Amino acid sequence: MILNVRVDHRLLHGQVAFTWTTALGSDCILIANDSVVDDQIRKMTMKLAKPAGVKLVIKDVENSIAAINAGKTDKYKLFIVVETIADAARLARACEQVTAINIGGTPPRESTRCIAKAVYVTPEEEILIRELAAEGTEVGIRMVPVDKSIDALSALGEGGGAA
């Protein structure tokens, strides 16, 4: 069962590893990221950051999609973390089990604008958010579990309410 799909450019760090995993009651974290798979140092760092008793799986996005769709993740209370809104969109569009996305942190980059605390989006990411919402995927912004989720369309200035 997928408990949460979170966009966080830092992937696995203290806030994600402990606060979110505990609040969700997750027993498995899936890092779905194309570059981490081949980066031994980042993989080792993430393995050290994971909470005791929680399984950590690191796969590229396509293999993550394949595992989810094949039912290999069904036995877990799964918390999925991706680095980008584009990766979250790939998962949501390929996996019917992904019905909501939590944007928790995207870095300032060239051509981005800040739409919430620690959330910066490019024009292309704004389009993806609008498309995902139109396709029926709930897209919210929330840094920590105790925060109220902000509807991403509202944050873009397009009305709506809390997610």
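Conventions and cut-offs
Residues numbered from 1 in each chain as written. Predicted model: local features only at pLDDT ≥ 70, side-chain atom pairs only at ≥ 80, totals over all residues. Heavy atoms only, no water. Pairing = 2+ DSSP bridges. Helix = DSSP H or I, 4+ residues; strand = E, 2+ residues; numbered from the N terminus. Contact = heavy atoms within 4.5 Å. Axes fitted to C-alpha atoms, helices over the stretch in contact; angles between N-to-C directions. Parallel < 35°, antiparallel > 145°, perpendicular 65-115°, else oblique. Left-handed = near helix turned anticlockwise from the far one by under 90°. Nonpolar A, V, L, I, M, F, W, Y, C, P; charged D, E, K, R; others polar. Salt bridge = Lys/Arg side-chain N within 4 Å of Asp/Glu carboxyl O. Buried < 20%, exposed > 50% of the residue type's maximum accessible area, 1.4 Å probe, protein only. Polar contact = N/O pair within 3.5 Å; in protein donor to acceptor, adjacent residues only side chain to side chain.

Caption draft 1: Layout of the sheet that holds strand β9 (residues 150-151). What the seven strands build is an open sheet, ordered β3-β2-β4-β1-β5-β8-β9; its pairing is mixed. Sheet topology places β3 (55-59) and β9 at the edges, where each strand pairs with a single neighbour. Relative to strand β5 (residues 100-105), strand β1 (residues 2-8) runs parallel, the two sharing three bridges. Directly across from Asp-8, in β5, lies its bridge partner Gly-105. Here helix α1 (residues 14-24) sits on the sheet and contacts β1, β2 (28-32), β4 (78-82) and β5; the angle it forms with β1, its principal contact strand, is near 155°.

Caption draft 2: Examining the packing of helix α4 (residues 85-94) against helix α5 (residues 123-134) more closely. Orientation of α4 relative to α5, taken along the N-to-C sense of each, is 25°, at an axis distance of 10 Å. If you check the angle between α4 and α5, you find them roughly parallel. The crossing of α4 and α5 is left-handed. In this structure, α4 uses Ile-85, Ala-86, Ala-89, Ala-92 and Arg-93 to contact α5, whose residues at the interface are Glu-125, Leu-128, Ile-129, Glu-131 and Leu-132. Grouping the amino acids of the contact of α4 with α5 by side-chain chemistry returns seven nonpolar, no polar and three charged.

Caption draft 3: Region of interest: the pattern of salt bridges. Under the definition given, this model contains 11 salt bridges. Among the ionic pairs, Glu-83 bridges to Arg-42, the shortest N-O distance being 3.5 Å. Here Arg-42 lies in helix α2 (residues 40-49) and Glu-83 lies in the loop between β4 and α4, a separation of 41 residues in the sequence. Between Arg-113 and Glu-126 there is a salt bridge, and its shortest N-O distance comes to 2.7 Å. You can see Arg-113 sitting in strand β6 (residues 113-116) and its partner Glu-126 sitting in helix α5, a full 13 residues away along the chain.

Caption draft 4: Region of interest: the side chain of Thr-106. Note that Thr-106 resides in the loop between β5 and β6. For Thr-106, a relative accessible area of 3% corresponds to the buried category. At 2.6 Å, the side chain of Thr-106 forms a polar contact with the backbone oxygen of Tyr-120. Excluding anything up to four places from it in sequence, Thr-106 contacts Val-7, His-9, Ile-85, Ala-118, Val-119 and Tyr-120.

Coordinates in, geometry out; function isn't part of it.
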